[in-house]
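# A look at the structure
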Amino acid sequence: MDHVGSILGAASYYVVFEVQPKDGKPQVIATLREKAEERSSNGFRLMLELAKNLGEQDPVYKIFTQQIGQAQSMVKIETDGNAARSQYDIASKLYNGRYVEIDGFKFSFDSTSLTDSGPRFRLMEKAKGLHFNDLPEDTAEQKIFKKNLAKAYVTLEFYIILMGGEFDHDRHGYQMKVDGTEVRLFDHGAMSLHAPSTEDRKLLADVLFEGFERMQRGESIQTFLTNTVRQRAEAGTPSEYITTIQKGLLALSDYLRHMSANDIKLALQSAIQAGLEDGTLHSDLIEQAMMKAEAGGFSSGALSCQGEVIKIGQRLSK
Ligand SMILES: Nc1ncnc2c1ncn2[C@@H]1O[C@H](COP(=O)(O)OP(=O)(O)O)[C@@H](O)[C@H]1O
Ligand SMILES: [Mg+2]
C-alpha cells in the first residue's frame with residue numbers, strides 16, 4: 001500500500017476511506033467499526049422496549065415490531081463481511097454491462113468490483129465522479145441530464161425487480177457515482193441473498209396489477225405499496241418480500257423525486273417491455289398477471305403512456 005487517503009464516509013457501522021496501492025488504480029476500503037454489532041443490538045432492544053411501552057394493543061405495534069425485526073436481520077447481513085462477496089457477485093450479474101437509452105442519452109451501468117473482503121472489511125475499486133444526489137442542477141442542461149439519469153436508473157431497477165430474483169433494496173442517491181454517462185454502483189449491503197418464492201412473485205404480480213390500475217387513476221405507486229404493506233401487517237399476513245420492495249422504492253425516492261407520475265409509469269412500462277423482449281421478466285409474474293387480466297377484464301389503456309419507451313440493453317463485453 002502506498003498511501004491512505006481521506007475518509008469518504010463514516011456511517012454507523014462502517015468507516016470508508018480511500019487507499020492507493022503502489023501500482024494500480026485507487027481503491028476504497030470499508031472497515032467495520034469497533035463494537036458495531038453490540039451497538040446495533042442495544043439500539044434494537046431499546047426500540048422494541050419503546051414499542052412495548054407505547055402499547056401492545058395499538059395496531060401499529062405489529063407493524064413496528066415487524067419492521068424492527070426486519071431491520072435487525074438486515075443489519076446482520078450488512079455487517080457480515082462474508083456476505084459481501086455473494087452480494088457483490090449478484091450485483092455484478094445484475095448490473096454489469098447494462099446500458100439504458102433515453103431521449104438521446106446512453107447511460108452505462110456497472111457495479112464496482114470487490115477486490116477482497118473479510119469478516120470486518122471490504123476492499124473495492126473506487127468509483128469516479130459525483131454522487132447522483134450531488135449532480136448539479138443549476139442550468140437547464142444539467143437538470144435535463146439529471147432527470148434522464150433518474151428515469152434511466154429507475155427503469156433499470158424496475159427491470160431487475162421484474163426478473164423476480166434477488167435485488168438490492170437500498171439504492172439511494174449516494175450509492176452511485178456518475179462520470180459522464182458512466183455510472184458505477186457500490187454498497188450492496190442490502191442485496192438479498194435468496195430469490196423470492198413463487199408465492200412471493202405471485203403476490204408481486206397482484207400488487208403490480210392493482211398498482212397499475214391505480215396509477216391510471218392518478219394515484220402514486222409508492223402510496224399504494226405503503227398502504228398494502230400496512231394492511232397486510234394489520235391483517236397479520238405480512239409479506240417480507242413486498243415490504244422489501246416498498247423499502248426499495250423509498251430508497252429510490254432520491255431519483256423518483258425528479259420524475260413526474262407519467263415518467264414513473266413510463267419507467268415501469270419500459271421495464272416490462274424490456275423484460276418481455278429479452279425474456280428476463282419472470283414467468284410467474286406473467287402467468288399471474290394474465291390470470292388476473294382474464295378474470296378482471298384488464299383495460300388495455302392501462303398500458304398506454306405518453307413518451308418514448310426507455311430501452312435497456314446489454315453491452316457485449318463485460
Ligand atoms: N467503491 C466506492 N467508490 C467511491 N466511493 C465510495 C465507494 N464506496 C463507498 N464510497 C463512498 O463512501 C460513502 C459511504 O460508503 P458506503 O459503502 O455507502 O457505506 P454506508 O452506506 O454504510 O455509509 C459513499 O456514499 C461514497 O461516497
Ligand atoms: Mg451507503
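Helix and strand counts for the chain stand at 10 helices and 11 strands. In terms of overall size, the chain behaves like a compact globule, its C-alpha atoms giving a radius of gyration of 20 Å where 318 residues would be expected to give roughly 20 Å. When its C-alpha atoms are laid out on the principal axes, the chain stretches across 65 × 55 × 35 Å. A separation threshold of at least 6 residues defines the contact pool for the chain, and within that pool the share at least 24 residues apart is 68%.

Turning next to the pairing of strand β5 (residues 105-111). The sheet contact formed by strand β4 (residues 98-102) and β5 spans five bridges and is antiparallel. Across the sheet, residue Tyr-99 finds its bridge partner in β5, namely Ser-108. Connecting the antiparallel pair β4 and β5 is a turn made up of two residues, with Asp-103 showing a positive phi of about 50°. The pairing of β5 with strand β10 (residues 182-185) spans four bridges and is parallel.

Within the secondary structure layout, Asp-138 lies in the loop between β8 (130-131) and α4 (140-162). Remark: the alpha-carbon pair of Asp-138 and Met-259, spanning 121 residues in sequence, is separated by 17 Å.

By secondary structure assignment, the location of Gly-236 is in the loop between α6 (221-234) and α7 (240-251). Counting along the chain gives 174 residues from Gly-236 to Lys-62, while the straight-line C-alpha distance between them is 8.1 Å.

With that settled, consider the pairing of strand β9 (residues 176-179). Here β9 shows one buried face, formed by Met-176 and Val-178, and one open face, formed by Lys-177 and Asp-179. Across two bridges, the pairing between β8 and β9 is antiparallel. The partner of His-131 across the bridge, within β9, is Lys-177. In the sheet, β9 pairs with β10 via four bridges, with the strands oriented antiparallel. Each bridged residue has a counterpart across the sheet, and for Asp-179 the counterpart in β10 is Glu-182. What sits between the antiparallel neighbours β9 and β10 is a turn of two residues, in which Gly-180 has the positive phi angle 65°.

Okay, the packing of helix α5 (residues 198-216) against α6 next. Contact pair α5 / α6: the axes reach a minimum separation of 9 Å and the direction vectors enclose 135°. Between α5 and α6, the crossing angle belongs to the class labelled oblique. The handedness of the crossing between α5 and α6 comes out as right-handed. Facing α5, whose interface residues are Val-207, Gly-211, Arg-214 and Met-215, α6 presents Ile-221, Phe-224, Leu-225 and Thr-228.

This paragraph deals with the sheet that holds strand β11 (residues 311-314). Taken in spatial order, the six strands line up as β8-β9-β10-β5-β4-β11 in an open sheet, and their pairing is mixed. Each end of this open sheet is capped by a strand with a single partner; those strands are β8 and β11. Its contacts with the sheet place α4 against β4, β5, β9 and β11, and it is angled at close to 130° to β4.

Moving on to helix α10 (residues 283-296). Between the first and last C-alpha of α10 there are 20 Å, a value that for 14 residues agrees with the 20 Å anticipated at 1.5 Å per step. Where α10 is buried, its residues contact α4 and α5.

What sets the pattern is the α-helix's 3.6 residues per turn: residues three or four places apart point alike. Look at α5: 27 Å from first C-alpha to last across 19 residues, which is about the 27 Å you get at 1.5 Å a residue. Turning to α5, its buried residues are Arg-201, Leu-204, Ala-205, Val-207, Leu-208, Gly-211, Phe-212 and Met-215. On the buried face of α5, the contacting elements are α6, α7, α9 (261-278) and α10.

A few words on unusual backbone geometry. Phi at Asp-103 is positive, roughly 50°, even though this residue is not glycine. Note on placement: Asp-103 falls in the loop between β4 and β5. Residues other than glycine seldom take positive phi values, yet Asp-187 does so here, at roughly 65°. For Asp-187, the location among the structural elements is in the loop between β10 and α5. Residue classification places Asp-187 among the buried residues on the basis of 25 C-beta atoms within 10 Å.

Here we take up the packing of helix α2 (residues 59-78) against α6. Viewed as axis vectors pointing N to C, α2 and α6 meet at an angle of 110°, and their least axial separation amounts to 9 Å. On the basis of the axis angle, α2 is roughly perpendicular to α6. Contacts between α2 and α6 involve Pro-59, Lys-62, Ile-63 and Gln-66 on the former and, on the latter, Arg-230, Ala-233 and Glu-234. Taken together, the residues of the contact of α2 with α6 sort by class into three nonpolar, one polar and three charged.

Thresholds, definitions, all that
Residues numbered from 1 in each chain as written. Chains lettered and ligands numbered in written order. Predicted model: local features only at pLDDT ≥ 70, side-chain atom pairs only at ≥ 80, totals over all residues. Helix = DSSP H or I, 4+ residues; strand = E, 2+ residues; numbered from the N terminus. Rg over C-alpha atoms; globule rule 2.2 N^0.38 Å. Contact = placed C-beta atoms within 7 Å. Pairing = 2+ DSSP bridges. Buried ≥ 20, exposed ≤ 12 C-beta atoms within 10 Å, placed from the backbone. Axes fitted to C-alpha atoms, helices over the stretch in contact; angles between N-to-C directions. Parallel < 35°, antiparallel > 145°, perpendicular 65-115°, else oblique. Left-handed = near helix turned anticlockwise from the far one by under 90°. Expected span 1.5 Å × (residues − 1). Nonpolar A, V, L, I, M, F, W, Y, C, P; charged D, E, K, R; others polar.

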